[in-house]
Structure formats: C-alpha cells, structure tokens
Amino acid sequence: IDAFPNNCSQRNGDGSKLAFVSLAVMASVGADATVANPIRRVATVLHGMQVKVTQEGETEQALFDKFRCDCKTAGGDLEASIKAGKAKIAS
C-alpha cells in the first residue's frame, strides 16, 4: 500500500511555490513596514489631530477676544443710549 497518494509530489511543488510567493510578499511588506506600521500611522494621525486642534484653538481664541471686545464697547454704547432715551422721555 502506498502511503502517499500520486498527487503528493504535485502538492509539494505547489507548496514550494506558495512558500516562495509568501516570502516575496513578506519581503515587500517588510520594505514598507516603516510606512505601514500601525503604531506609526496612529502617531501620525494623533500628530495631525494635535495640529488641527491647536489651529482651531487659536481661531476660537481670536473670535472670543473679538466678542469680548464687542461686549465691552457695546455695553457703554447701550448705557449711553438708555440715558439719552430716559432724558428724552423726561423732557
């Protein structure tokens, strides 16, 4: 009784081809490992988010400062117009 089927040699041949292709793919992935490293991608995304949040914070601070300035000056203008209106009503 033959312990190995007739197509066993063909499987070994296919297996060696598969191993060669696997090694070729692994080699190409190894070359791009620094680019496609998941930890590096996360670090890059976090750095991008940090830059974006910093820019948004600066924009928001500028808008807040402008709003605060408008509130300070608008309060004085409003108070002056109320006094003028009360004086007009009284006369």
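Please read these numbers as outputs of a predicted model, since none were measured by experiment. (Residues numbered from 1 in each chain as written. Predicted model: local features only at pLDDT ≥ 70, side-chain atom pairs only at ≥ 80, totals over all residues. Heavy atoms only, no water.)

1. Considering the overall build of the protein chain
Tallying secondary structure elements over the protein chain gives three helices and zero strands in all. Going from N to C terminus, the protein chain has its helices and strands arranged as α-α-α. For the protein chain, buried positions account for 0% of its 91 residues. For the protein chain, the accessible surface area stands at approximately 8,300 Å², while carbon and sulfur atoms represent 66% of it. (Helix = DSSP H or I, 4+ residues; strand = E, 2+ residues; numbered from the N terminus. Buried < 20%, exposed > 50% of the residue type's maximum accessible area, 1.4 Å probe, protein only. Areas by Shrake-Rupley, 256 points an atom, 1.4 Å probe, with all protein chains shown as cover.)

2. Observations regarding the pattern of salt bridges
Taken as a whole and judged by the stated rule, the model has two salt bridges. Close ionic contact of R68 with D65 constitutes a salt bridge, the shortest N to O distance being 3.4 Å. In this pair, R68 and D65 are both assigned in helix 3 (residues 38-90), three residues apart and thus about one turn of the helix distant. R68 sits in the partly exposed class, given a relative accessible area of 41%. Note on D65: relative accessible area 32%, which makes it partly exposed. (Salt bridge = Lys/Arg side-chain N within 4 Å of Asp/Glu carboxyl O.)

3. Observations regarding a nonpolar patch on the surface
On the surface, V42, V45, L46 and M49 cluster together to form a nonpolar patch covering roughly 390 Å² of accessible area. On the secondary structure map, V45 appears in helix 3. (Patch = residues over 30% accessible without salt bridge, like charges linked within 9 Å, V, L, I, M, F, W, Y side chains within 5 Å.)

4. A few points about helix 3
With 53 residues, helix 3 ought to run about 78 Å at 1.5 Å a step, and its terminal C-alpha atoms sit 76 Å apart, in line with that. Structurally, the start of helix 3 carries an N-cap: the backbone nitrogen of I39 is 3.2 Å from a side-chain oxygen of N37. (Expected span 1.5 Å × (residues − 1). Polar contact = N/O pair within 3.5 Å; in protein donor to acceptor, adjacent residues only side chain to side chain.)

5. Quick notes on the confidence of the model for the protein chain
Residues with a pLDDT of 70 or more make up 62% of the protein chain, whose mean pLDDT is 74. Mean pLDDT per element in the protein chain: helix 1 (residues 8-31) is the minimum at 52, and helix 3 is the maximum at 89. Across residues 8-13, confidence stays below pLDDT 50; counting only partners more than four residues off in sequence or on other chains, it has zero contacts. (pLDDT = per-residue confidence, 0-100. Contact = heavy atoms within 4.5 Å.)

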